[in-house]
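Structural characterization, general
Here are the chains, one letter per residue:
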Amino acid sequence: MEASQIYILISIIVLLIIAILVFFIKKNRKQKSLTLLASLAFVFIIAGIIFGDSRLVGYSLIGIGVLLAIIDMVRKLKKK
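Residues numbered from 1 in each chain as written. Predicted model: local features only at pLDDT ≥ 70, side-chain atom pairs only at ≥ 80, totals over all residues. Heavy atoms only, no water.

Check the secondary structure of the protein chain and you find 3 helices and 0 strands. Listing every helix and strand of the protein chain by position from the N terminus yields α-α-α. Relative to the globule expectation of 12 Å for 80 residues, the C-alpha radius of gyration of the protein chain, 18 Å, shows a markedly less compact shape. Burial statistics for the protein chain: of 80 residues in total, 12% are counted as buried. Contacts in the protein chain between residues far apart in sequence, at least 24 positions, make up 40% of those at least 6 positions apart. (Helix = DSSP H or I, 4+ residues; strand = E, 2+ residues; numbered from the N terminus. Rg over C-alpha atoms; globule rule 2.2 N^0.38 Å. Buried < 20%, exposed > 50% of the residue type's maximum accessible area, 1.4 Å probe, protein only. Contact = heavy atoms within 4.5 Å.)

Next up on the list: the side chain of Asp72. For Asp72, the position within the fold is in helix H3 (residues 55-79). Engagement of the side chain of Asp72 in a polar contact is seen with the side chain of Thr35, the distance being 3.0 Å. Beyond its immediate sequence surroundings of up to four residues, Asp72 is in contact with Thr35, Leu37 and Ala38. (Polar contact = N/O pair within 3.5 Å; in protein donor to acceptor, adjacent residues only side chain to side chain.)

Per-residue confidence for the protein chain gives a mean pLDDT of 87, with 92% of residues at or over 70. Across the protein chain, H3 holds the top mean pLDDT of 93, while helix H1 (residues 3-27) sits lowest at 85. (pLDDT = per-residue confidence, 0-100.)

What follows is about helix H2 (residues 36-50). A rise of 1.5 Å per residue sets the reference length of H2, with its 15 residues, at 21 Å; its end C-alpha atoms lie 21 Å apart and thus fit the reference within 8%. Close packing links the buried residues of H2 with H3. (Expected span 1.5 Å × (residues − 1).)

For the largest pocket, the calculated volume is near 160 Å³. If you trace the largest pocket, you find it lined by Lys32, Ser33, Lys76, Leu77, Lys79 and Lys80. For the lining of the largest pocket, the class distribution of residues is 1 nonpolar, 1 polar and 4 charged. (1 Å grid on protein atoms, 1.4 Å probe; cavity = no way out; pocket = protein on both sides within 12 Å on 5 of 7 lines; lining within 4 Å. Points joined across faces, edges and corners; volume = space filled by probe spheres on them. Nonpolar A, V, L, I, M, F, W, Y, C, P; charged D, E, K, R; others polar.)

In structure tokens, the structure reads:
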């Protein structure tokens, strides 16, 4: 085996171990659903990554997503 194939194999094994650990750790916790604003922020960030070919459009969408996420965090902090 070449060195690059060994690195890929090690990476796959590590990712598999992490996925198994996350699966077992997540089982014991209660899941909190995303708020509407947080999910909208997530959509804008993903859209910014997808449409990142045009810098203006990509960065604008990511900026809107980050702004919505910050607004959501502030609203959650005010409720507590």
